[in-house]
Amino acid sequence: MFDSLQDRLGSILNGLTGRGALSEKDVNAALREVRRALLEADVALEVVRGFTDRVRDKAVGAELLKSIKPGQMVVKIVHDELVATLGETQEPIDLNAPAPVVLMMVGLQGSGKTTTSAKIAKRLTDRQRKKVLMASLDTRRPAAQEQLKVLGEQTGVTTLPIIAGQDPVAIASRAKEAGKLGGYDVVILDTAGRTHIDEPLMVEMAEIKARAAPHEILLVADSLTGQDAVNLARSFDERVGITGIVLTRVDGDGRGGAALSMRAVTGKPIKLIGTGEKMDALEDFHPARIADRILGMGDIVSLVERAAENIDAEKAAAMAKKMQSGKFDMNDLADQIRQMQKMGGMGGMLGMLPGIGKMKDQIAAAGLDDKLFKRQLAIISSMTAAERKNPGILKNSRKKRIASGSGTSAADINKLLKMHRQMADVMKAMGKGGKGGGMMGRMVSGLAGKMGLPGGGMGGMPDLSKMDPKEIEALAKAAQGGGGMPDLSALSKGLPSGLGGSGLPGLPGGRGGLPGLSGFPGKKK
Ligand SMILES: Nc1nc2c(ncn2[C@@H]2O[C@H](COP(=O)(O)OP(=O)(O)OP(=O)(O)O)[C@@H](O)[C@H]2O)c(=O)[nH]1
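Residues numbered from 1 in each chain as written. Predicted model: local features only at pLDDT ≥ 70, side-chain atom pairs only at ≥ 80, totals over all residues.

Enquirer: Help me out: how do you make sense of the site of the ligand in this one?
Expert: The ligand sits among 21 residues. The nearest are Gly112, Thr114, Thr115, Gly193 and Gly274. Looking at the shell around the ligand element by element, the count peaks at 3 residues for helix H5 (residues 113-128). Along the lines of polarity and charge, the residues of the shell around the ligand split into 2 nonpolar, 13 polar and 6 charged. (Near = placed C-beta within 6 Å. Helix = DSSP H or I, 4+ residues; strand = E, 2+ residues; numbered from the N terminus. Nonpolar A, V, L, I, M, F, W, Y, C, P; charged D, E, K, R; others polar.)

Next comes the structure, spelled out in structure tokens:
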């Protein structure tokens with residue numbers, strides 16, 4: 001399964017992984033090969049285009065991680081994009097409805113509908129202890145109802161007794177009624193197929209749907225038919241409305257085009273895959289596992305994931321050092337803001353402190369949420385590299401340009417600059433007198449810990465109780481006024497007694513550059 005694609009992608013990406021540097025040209029050349037490989041695997045053209053475009057965008061803009069070669073990064077990007085294309089998460093059959101839950105199986109003749117119905121029935125019986133009733137609605141092919149009966153006997157699943165001459169819609173009604181009366185959890189309706197989609201088939205499906213009110217309509221499609229399977233899914237969805245797809249004969253499909261295109265083209269999830277003729281040859285469709293199988297480079301993917309985690313911790317440590325030396329430019333400020341965003345913004349950060357979680361709504365209402373960070377980041381990214389390094393050179397005319405470039409006002413820019421100046425001052429002051437990285441350093445490494453990264457103290461939260469009260473006081477004083485950051489000294493008044501202060505927070509302090517932490521506890525009793 002996916003063998004040929006695995007071989008092709010493997011050799012293309014292997015050619016990249018060993019190299020120390022990659023140019024845009026290298027990436028483009030590799031992506032051309034990837035594109036060809038996907039097309040040869042019968043992946044839909046529109047899916048291939050979107051896929052390679054997104055990989056290119058991400059690969060070109062990717063932040064290079066120390067200890068990771070650029071090619072390895074590309075492998076990870078391709079992997080993630082495969083997972084996204086396949087649908088991200090596994091979607092099980094949904095049985096969340098009043099019993100009996102009706103599953104309607106639709107598809108063309110010979111796609112594996114009857115076999116799959118029995119496989120699903122067996123799985124629900126064995127794994128989920130469901131009481132399942134199966135009914136064949138195929139009155140066209142003489143042996144069809146008998147075939148399901150035999151499979152039912154084989155798997156120990158009850159089938160609806162056959163009444164000769166009854167039409168499909170009547171059988172559907174009878175099955176549902178029998179399901180109700182017999183206390184069944186699930187009723188599976190195996191509908192008739194055709195060699196191709198035609199009007200009578202669609203009319204019949206619509207009538208059965210109206211009568212049986214199925215909770216799931218699962219299209220059974222043959223993986224080996226590639227793009228035809230995808231087009232079939234689209235047509236069935238338009239006419240009948242499907243809720244999911246079961247792809248059969250995946251065991252014989254070396255190309256995988258249907259599996260890869262289905263979700264992106266139809267928007268409907270592949271829920272299960274058939275991997276053989278035996279009754280237990282049915283597997284959940286896990287996008288991440290399928291991507292692993294297609295790419296066969298699991299080691300590299302997890303290597304990059306680990307490195308990305310470490311880099312955050314390293315960044316935090318480097319930031320602490322920078323702050324100590326007082327070299328804190330607009331790039332560093334942007335990094336800080338991004339860190340805060342990662343933590344879920346001001347609300348998210350405060351939510352980690354005991355007793356403050358409830359204030360989140362007030363913080364959001366006061367506009368101190370992500371929007372503020374976004375505005376601040378927009379301002380910084382509208383500056384030139386030189387301005388970011390040394391914001392002191394910004395003239396009023398440039399401020400106006402930046403304001404219009406970032407959709408803000410000159411006042412916003414002044415606030416941000418003031419905030420930066422004050423933060424830099426505080427860092428410098430703390431760096432001189434500070435020990436062990438200063439408060440901000442500890443805060444940063446504390447936050448890193450909270451994110452599950454190495455280097456955090458006290459379960460990751462900045463351990464304010466161990467901090468020198470003078471340090472906090474100095475920071476708070478220097479931080480008053482200016483800037484667009486919230487003044488936490490006001491917030492802290494609302495902290496429960498154990499954390500100092502009383503009464504409700506007077507939100508927002510608003511003028512504070514850096515959060516005024518004066519109200520935080522100095523030492524624990
Ligand atoms: N290798 C393999 N064979 C399968 C799979 N699913 C079904 N088959 C085989 O495909 C053949 C046709 O399956 P059926 O279940 O009879 O197909 P159907 O869609 O019900 O066909 P009609 O009843 O004619 O509409 C059978 O021989 C199955 O054993 C699968 O996942 N892998």
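After that view, the rundown keeps rolling.
Enquirer: Just checking my understanding: could you explain the pairing of strand S5 (residues 216-222) for this structure?
Expert: Looking along a regular strand, one sees the side chains alternate between the two faces of the sheet. Here S5 lies mainly inside the structure; 7 of its 7 residues are buried. When strand S1 (residues 101-107) meets S5, the two strands line up parallel, connected through 5 bridges. Across the sheet, residue Leu103 finds its bridge partner in S5, namely Glu216. Following the backbone out of S5, through helix H9 (residues 227-239) and into the adjacent parallel strand S6 (residues 244-248), one traces a crossover that is right-handed. (Buried ≥ 20, exposed ≤ 12 C-beta atoms within 10 Å, placed from the backbone. Pairing = 2+ DSSP bridges. Right-handed = clockwise from strand over helix to strand, strands pointing away.)

Enquirer: Sorry, what's going on with unusual backbone geometry here?
Expert: A cis geometry characterises the amide bond from Ala99 onward to Pro100, with omega recorded as -5°. Relative to the assigned elements, Pro100 resides in the loop between helix H4 (70-86) and S1. The backbone of Asp42 shows a phi angle near 70°, a positive value even though the residue is not glycine. For Asp42, the location among the structural elements is in the loop between helix H2 (24-40) and helix H3 (45-61). Residue classification places Asp42 among the buried positions, given that 21 C-beta atoms sit within 10 Å. Unusually for a residue other than glycine, Glu88 sits at a positive phi of about 70°.

Enquirer: Can you walk me through the sheet that holds strand S4 (residues 186-190) in this structure?
Expert: To summarise the sheet geometry, strands pair through backbone hydrogen bonds and adopt either a parallel or an antiparallel arrangement. Taking strand neighbours across the sheet as the criterion, the 8 strands line up as S3-S2-S4-S1-S5-S6-S7-S8 in an open arrangement whose pairing is mixed. The strands lining the two open edges of the sheet, one partner per strand, are strand S3 (158-159) and strand S8 (282-284). Relative to S4, H5 is tilted by about 170°, and along the sheet it contacts S1, strand S2 (132-136), S4, S5, S6, strand S7 (270-274) and S8. Along the sheet face, H9 touches S1, S5 and S6 and points at about 155° away from the line of S5. (Contact = placed C-beta atoms within 7 Å. Axes fitted to C-alpha atoms, helices over the stretch in contact; angles between N-to-C directions.)

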